[in-house]
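A structural walkthrough
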Amino acid sequence: MLYGSAAQHPGYPAAPYQQQHQTGQLQTAPPEQRRRAGGLVAGMTVLALLVGGGAGAAGGYLVAQDNDTGSPAATALNTPPTAQQTGSAPAGSVEAVAAKVLPSVVQLQVRGPSSAGEGSGFVISGDGLIVTNNHVVEVAASGGQIEAVFQDGRTAKATIVGRDPTSDLAVVRAQGVTDLPVAELGRSDDLRVGQPVVAIGSPFELAGTVTSGIVSSLQRPTRAGGENGSQATVMDAIQTDAAINPGNSGGPLVNMAGQIIGINSAIYSPSSSASAQGGSVGIGFAIPINQARRTADEIVKTGKATQTVLGVSVRDNADGGALVADVVAGGPGEKAGLKQGDVVTQLDDRRIDSADALVAAVRSHAPNDTVKLVVGANNTVPVTLGGQPVELK
């Protein structure tokens, strides 16, 4: 939707997912769809300029007549231009971040059997590995085409190395390229609400667009597929008010040191129509880079991803928490003693107030991590998390 129509991607599957609310929708930020209405807009612009030019000429003639007897008044146009900017951008400024990160950001143009769109990505190796969202490239997974457009103007065909719909991540490789600028990855486990961030991508086909904002919230459970998505698509998102729009999907969210700390994936859009393409209202969501790094590394090494699991199915509990609806035989939850009907209210130091919150918290960890669950009021249960291969449909 971006990354969604309720959370809209800046493109999750071919159609944006919805999560209907009373006040709006959450959309995955979909890839930007190509537009063909520019001619009408351009024509209107020309008309406005012609009308404005005529009116201006007439007004200018009258003013000249009125001032015919006096000396020309001094104007700003008579003053010399200010000195040209010199020197490098101040460290920690948006300008410095843009200068550092832009060369490694890529526009991805994607065509599938029945649809086309655009998204963003960033380079993780000089020989062409690029990280992006699954929803940006999945339409090309069955016989489609992907073209990478780099900041220096080079273009290259790209192929999918692997993808993970459950975390909305994918890795593609651009063919026949070398010496690409490589992005610097930061960390997302030490982020603070209120710290400044920069988003970079290709919203509405405008490649190399830079926007800035702050971290608005952390550990925000977000369904990458909207209401039509299952708990399999829940991510533990970074929320930001940096402007993110369709086409930003897969692009980086960056700290003020120019390090990537998230991957832009979804936006909240108050559109009342499921088919309407949403735009930024200051609520965007990014996949934390710690989770994305682990998944991308697995994909690069094996072509596949592993999903972290607790081994239970859960639903919202009426009084808060995640209600255990079913326990997988032999899974981590059963081995730890979890039973049907248990209510999980905390994972480590994180409060769990819904089923999605528990799923997102588990996904933020890696397989074989040990966590402490609080069941009920104060029963603490240690659990060693498991992992299962992600199956592509």
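A brief look at the structure comes next. Being a predicted model, the structure only gives us computed values, none of them experimental. (Residues numbered from 1 in each chain as written. Predicted model: local features only at pLDDT ≥ 70, side-chain atom pairs only at ≥ 80, totals over all residues. Heavy atoms only, no water.)

Points about the overall build of the protein chain
Tallying secondary structure elements over the protein chain gives six helices and 22 strands in all. Among the 393 residues that make up the protein chain, the fraction classed as buried is 47%. (Helix = DSSP H or I, 4+ residues; strand = E, 2+ residues; numbered from the N terminus. Buried < 20%, exposed > 50% of the residue type's maximum accessible area, 1.4 Å probe, protein only.)

Details of the side chain of Asp236
Along the chain, Asp236 falls in strand β11 (residues 234-240). Relative accessible area serves as the criterion here: at 6%, Asp236 is assigned to the buried category. Among the polar contacts made by the side chain of Asp236, one reaches the side chain of Arg350 at a distance of 2.6 Å. Among residues more than four places away in sequence, those in contact with Asp236 are Gln219, Arg220, Pro288, Gln291, Arg350, Ala360 and Ser364. (Polar contact = N/O pair within 3.5 Å; in protein donor to acceptor, adjacent residues only side chain to side chain. Contact = heavy atoms within 4.5 Å.)

Overview of the sheet that holds strand β4 (residues 116-123)
Strand order around the closed barrel formed by six strands is β3-β4-β5-β8-β7-β6, with antiparallel pairing between neighbours. Taking each pair of neighbouring strands and ignoring which way they run, the sheet shows an average axis angle of 40°. (Pairing = 2+ DSSP bridges. Axes fitted to C-alpha atoms, helices over the stretch in contact; angles between N-to-C directions.)

Brief notes about the pairing of strand β17 (residues 322-327)
Note that strand β16 (residues 312-316) and β17 share five bridges and pair antiparallel. In the sheet register, Ser313 faces β17, and the bridge partner there is Asp326. Linking two consecutive strands that pair antiparallel, namely β16 and β17, is a turn of five residues; a positive phi of about 100° is found at Gly320 within it. Sheet topology places β17 next to strand β18 (residues 343-347); two bridges connect them, and they run antiparallel.

Concerning the pattern of salt bridges
Enumeration according to the criterion identifies nine salt bridges in this entry. Lys301 is the partner of Asp297 in a salt bridge, and the nearest nitrogen-oxygen pair spans 3.1 Å. One end of the pair is Asp297 and the other is Lys301, both in helix α4 (residues 289-302) and four residues apart, which spans about a single turn. Take Asp297: its relative accessible area is 36%, and that puts it in the partly exposed class. (Salt bridge = Lys/Arg side-chain N within 4 Å of Asp/Glu carboxyl O.)

Quick word on the side chain of Ser167
Tracing the backbone through its elements, the reader meets Ser167 in the loop between β7 (155-164) and β8 (169-174). Using a relative accessible area of 4% as the deciding quantity, one classes Ser167 as buried. In contact with Ser167, other than residues within four places in its own chain, are Ile287, Gln291 and Thr295.

Some words on the nonpolar core
Grouped together as the largest cluster of nonpolar side chains are 28 residues, with contacts concentrated most on Phe122, Val131 and Ile263. Contributions of two or more residues to this core are made by α2 (94-101), β5 (129-132), β8, β9 (196-201), β11, β13 (260-269), β14 (284-288) and α4. Each of two domains, domain 1 (94-174) and domain 2 (195-269 + 280-302), supplies a minimum of three residues to this core. Each residue touching Val131, except ones within four places of it in the same chain, is listed here: Gly121, Phe122, Ile124, Leu169, Ala170, Val171, Gly250, Ile263 and Ala296. Counting 23 residues, the second-largest nonpolar core is a separate cluster that includes Val314, Leu338, Leu347 and Val383. (Core = buried A, V, L, I, M, F, W, Y, C linked by side-chain atoms within 4.5 Å. Domains from an automatic or database assignment.)

None of this, on its own, says anything about what the molecule does.
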